[in-house]
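# Structure assessment
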Amino acid sequence: MYPSDINHLSRPCIYGDVGSSYAERKSRFMRWLCKLFKSGSNRGGGSGSSHHPQLVGEENMAWRAPFRSLDDRARSQKDKEDLERAIALSLAEDSKRSNGYRWRTDDDDEISSAIRDALNPNPYPPFAPTPYYPSRCGRTCGGCKRDIGYGNYLGCMGTFFHPECFCCRACGYPITEHEFSLSGRDPYHKSCFKELNHPKCEVCHQFIPTNAAGLIEYRCHPFWNQKYCPSHEHDNTARCCSCERLESWNARFYSLEDGRSLCLECMESAIMDTGDCQPLYHSIRDFYEGMNMRLDQQIPMLLVERQALNEAIVGEKNGLHHMPETRGLCLSEEQTVTSIRKRPRIGGHRLVGMRTQPQKLIRRCEVTAILVLYGLPRLLTGAILAHELMHGWLRLKGYHNLNPEVEEGICQVLSHMWLETEVMPVDKSMPSTSAASSSSSSSSSKKGAKSDVENKLGEFFLHQITHDASLAYGGGYRAAQVAVNNYGLRSTLDHIRLTGNFPL
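We now turn to the structure provided with this report. (Residues numbered from 1 in each chain as written. Predicted model: local features only at pLDDT ≥ 70, side-chain atom pairs only at ≥ 80, totals over all residues. Heavy atoms only, no water.)

### Regarding the overall build of the protein
Along the protein, the regular secondary structure elements total 13 helices and 21 strands. When each of the 504 residues of the protein is scored for burial, the buried share is 38%. Taken as a whole, the protein presents about 30300 Å² of accessible surface, with 52% of it coming from carbon and sulfur. (Helix = DSSP H or I, 4+ residues; strand = E, 2+ residues; numbered from the N terminus. Buried < 20%, exposed > 50% of the residue type's maximum accessible area, 1.4 Å probe, protein only. Areas by Shrake-Rupley, 256 points an atom, 1.4 Å probe, with all protein chains shown as cover.)

Spelled out as structure tokens, the structure:
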């Protein structure tokens, strides 16, 4: 059993006299070394030179490497044996003293190390410690703006980053993938860059696929900027019969009984039956009267389904009809037409329960009736009525056998004028090309302010007129508009009566 006053540690210990001081034992050991090296020096005196150890301070020793002769190897072995004998004698003297023990100290290690170095000198000088520099060639992180020390770093577009500072501009997380995207000097994850810049279809809400050439190909509406996959033009995706937008997968359109579709925005102001349309019809007649273009005859106006309008077109001998679908018609022949008597009701996403009645149209003048498709927004219905009423005015005033470009062009001008009074704010300081009276403007203002949605629809219908690509409707409108802007509406109409063409 170990005595109770002994610490059990794993460090080696050397037994000796507890009472002897360390300085005394160190001095005695140094004397043994001096004797040892003196004897070695005497043995080598025949070489003609003597080498004495040089003491630096009290604890450190340094000496020159002696000149070696041919028997230096034997002498070195002899010196080593003498040194081992001296160490053994020193330990023996300590053991003769009173029994005791001590822990081995750090100074003992230093002395042993000095002896080993003296016997086996290192042929190479030790390297100086490498100083730490705060930055690597002055590189600064482009993320945290601090110096880049030693370790991994990234370089991109002439800028350096700590790996954790090279972050996506969109999500803010570090970019760890081998590939990434750049926009200017901003890095992005490929997925984040695609989410931000790759166009998505506004119908199916998926990324628009690339074509066979690897290019992103999509369709885009010229006014609404609705982007969609080309495949939706052929996969029976519903298109609004009013604003021409495609049905989105997360917003269902309403289905009319004649097969047409109507979006939610156009549905807000849609006119569904003949009775609902009468106030609008009379307001447009007032608009004509305000421009000194009074219509003395009471021309019947009916809202009809698509099939009834197409049948009426077949029986009509005169007039040019806008394809692919005609929305209005100015009849000059006697026909029986099925009109909408009672508006349909909403059943889910369908309009059902519409009531119709056949109506015999008798010709009492040059114009028998005006027919307009039901279910269109108020502004579009009004634009169609303004166009067809101009056809009726021309026929009633004796404008016969006009070139389609001239007749359709001047009718489009009147339609555009009426839409402007409904959509554009009236500025009394600027002259109006329509020369509309204040009564027509006041009649429009009585209906109250329109919603932003309805105003945007009105802008779209104006865009449709001005950008129509057809020769008669588009080309005719632009030629008529130039003439009206240069000479005014009344002078243009007088010139048409005389020559059948627009004034140049």
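### Details of a nonpolar patch on the surface
On the surface, Met-157, Phe-180 and Leu-182 cluster together into a nonpolar patch covering about 250 Å² of accessible area. Tracing the backbone shows Phe-180 in the loop between strand 6 (159-161) and strand 7 (181-183). (Patch = residues over 30% accessible without salt bridge, like charges linked within 9 Å, V, L, I, M, F, W, Y side chains within 5 Å. Salt bridge = Lys/Arg side-chain N within 4 Å of Asp/Glu carboxyl O.)

### A closer look at the nonpolar core
Formed by 84 residues in total, the largest nonpolar core has its most connected members in Leu-371, Leu-385, Met-390, Ile-410 and Leu-489. With ten residues, helix 8 (residues 378-396) is the single largest residue contributor to this core. Setting aside residues up to four positions removed in sequence, Leu-385 forms contacts with Cys-277, Leu-280, Tyr-281, Ile-284, Met-301, Ile-370 and Val-372. Grouped together as the second largest cluster of nonpolar side chains are ten residues, Cys-156, Cys-168, Ile-175 and Tyr-188 included. (Core = buried A, V, L, I, M, F, W, Y, C linked by side-chain atoms within 4.5 Å. Contact = heavy atoms within 4.5 Å.)

### Considerations on the packing of helix 8 against helix 9 (residues 404-423)
Two packed helices can be described by the angle between their axes and the distance between those axes. For the pair helix 8 and helix 9, the least separation of the axes is 8 Å and the interaxial angle reads 140°. Judged on the interaxial angle alone, helix 9 and helix 8 are oblique. In terms of crossing hand, the pair formed by helix 8 and helix 9 is right-handed. Side by side, helix 8 and helix 9 meet where Arg-378, Leu-379, Gly-382, Ala-383, Ala-386, His-387, Met-390, His-391, Leu-394 and Arg-395 of the first sit next to Glu-407, Glu-408, Ile-410, Cys-411, Gln-412, Leu-414, Ser-415, Trp-418, Leu-419, Glu-422 and Val-423 of the second. Residue composition of the contact of helix 8 with helix 9, grouped by class: eleven nonpolar, five polar and five charged. (Axes fitted to C-alpha atoms, helices over the stretch in contact; angles between N-to-C directions. Parallel < 35°, antiparallel > 145°, perpendicular 65-115°, else oblique. Left-handed = near helix turned anticlockwise from the far one by under 90°. Nonpolar A, V, L, I, M, F, W, Y, C, P; charged D, E, K, R; others polar.)

### So, the pattern of salt bridges
Evaluation of the coordinates by the stated rule reveals twelve salt bridges. Residues Glu-459 and Lys-456 are paired through a salt bridge, measuring 3.7 Å at the closest nitrogen-oxygen approach. Here Lys-456 and Glu-459 lie together in helix 11 (residues 452-466), a separation of three residues that amounts to about one turn. Each of Glu-217, Arg-219 and Glu-233 takes part in one network of salt bridges that share partners.

### Examining the side chain of Ser-242
Relative to the helices and strands, Ser-242 resides in the loop between strand 10 (227-228) and strand 11 (254-255). Apart from the residues lying within four places of it in its own chain, the contact partners of Ser-242 are Leu-262, Cys-266, Arg-327, Leu-376, Pro-377, Leu-380, Phe-460 and Phe-461.

### Points about unusual backbone geometry
Unlike most non-glycine residues, Glu-244 shows phi in positive territory, near 75°. Tracing the chain through its elements places Glu-244 in the loop between strand 10 and strand 11. Since its relative accessible area comes to 29%, Glu-244 is described here as partly exposed. Although it is not a glycine, Asn-292 sits at a positive phi angle of roughly 60°. The topology assignment puts Asn-292 in the loop between helix 6 (274-290) and strand 14 (301-304). For Asn-292, a relative accessible area of 65% puts it in the exposed group.

### Let's talk about helix 12 (residues 471-487)
Taking 1.5 Å per residue as the helical rise, helix 12 with its 17 residues ought to reach 24 Å, and the 23 Å between its terminal C-alpha atoms agrees with that figure. Of the positions making up helix 12, those classed as buried are Ala-472, Tyr-473, Gly-474, Gly-476, Tyr-477, Ala-480, Gln-481, Ala-483 and Val-484. Next to the buried residues of helix 12 lie helix 8, helix 9, helix 11 and helix 13 (489-499). Sitting at the head of helix 12, Ser-470 places a side-chain oxygen 3.3 Å from the backbone nitrogen of Tyr-473. Count one or two residues on from helix 12 and you reach Gly-488, which has phi positive near 90°. (Expected span 1.5 Å × (residues − 1). Polar contact = N/O pair within 3.5 Å; in protein donor to acceptor, adjacent residues only side chain to side chain.)

### Considering the packing of aromatic side chains
Geometrically, a pair of aromatic rings is defined through the distance of the ring centres and the angle of the planes. Scanning all chains against the criterion turns up ten aromatic pairs. Between the aromatic rings of Phe-287 and Tyr-288, the centroid separation amounts to 6.1 Å while the plane-to-plane angle is 90°, which identifies the pairing as edge-to-face. The class of Tyr-288 is buried, set by a relative accessible area of 0%. Put simply, the rings of Phe-223, Trp-224, Phe-460 and Phe-461 pair up and form one aromatic cluster. Sitting over the face of the ring of Phe-207, Lys-194 holds its NZ or CZ atom 4.7 Å from the ring centroid. In this structure, Lys-200 is placed above the aromatic ring of Phe-207, and the distance from its NZ or CZ to the ring centre is 5.1 Å. (Phe/Tyr/Trp six-rings, centres within 6.5 Å; stacked < 30°, edge-to-face > 60°. Lys NZ or Arg CZ within 6 Å of the ring centre and 35° of its normal.)

### What about helix 8?
Its 19 residues give helix 8 an end-to-end C-alpha distance of 26 Å, which sits within 8% of 27 Å, the value for a rise of 1.5 Å per residue. Here helix 8 lies mainly inside the structure; 18 of its 19 residues are buried. Where helix 8 ends, the next residue or the one after it, Gly-398, has phi of about 85°, a positive value.

### Describing the pairing of strand 14
Of the two faces of strand 14, the one holding Met-301 and Leu-303 and the one holding Leu-302 and Val-304 are both buried throughout. Relative to strand 20 (residues 369-373), strand 14 runs parallel, the two sharing four bridges. In the sheet register, Val-304 faces strand 20, and the bridge partner there is Leu-373. (Pairing = 2+ DSSP bridges.)

### Focus: the state of the cysteines
By definition, a disulfide links the sulfur atoms of two cysteine residues through a covalent bond. Overall, the coordinates contain zero disulfides when judged by the stated rule. Looking at the unpaired Cys-240, the closest cysteine sulfur is the one in Cys-243, lying at 3.6 Å. (Disulfide = S-S within 2.5 Å.)

### Comments concerning the packing of helix 6 against helix 8
Two elements in contact, helix 6 and helix 8, have axes whose closest approach is 10 Å; the angle formed by their N-to-C orientations is 50°. As summarised for this structure, helix 6 and helix 8 are arranged oblique, according to the angle between their axes. For the pair helix 6 and helix 8, the crossing hand works out as right-handed. Contacts from Cys-277, Leu-280, Tyr-281, Ile-284, Arg-285 and Tyr-288 of helix 6 reach helix 8 at Arg-378, Thr-381, Gly-382, Leu-385, Ala-386, Leu-389 and Met-390. Among the residues forming the contact of helix 6 with helix 8, the class breakdown is nine nonpolar, two polar and two charged.

Function cannot be read off these values alone, since they describe shape.
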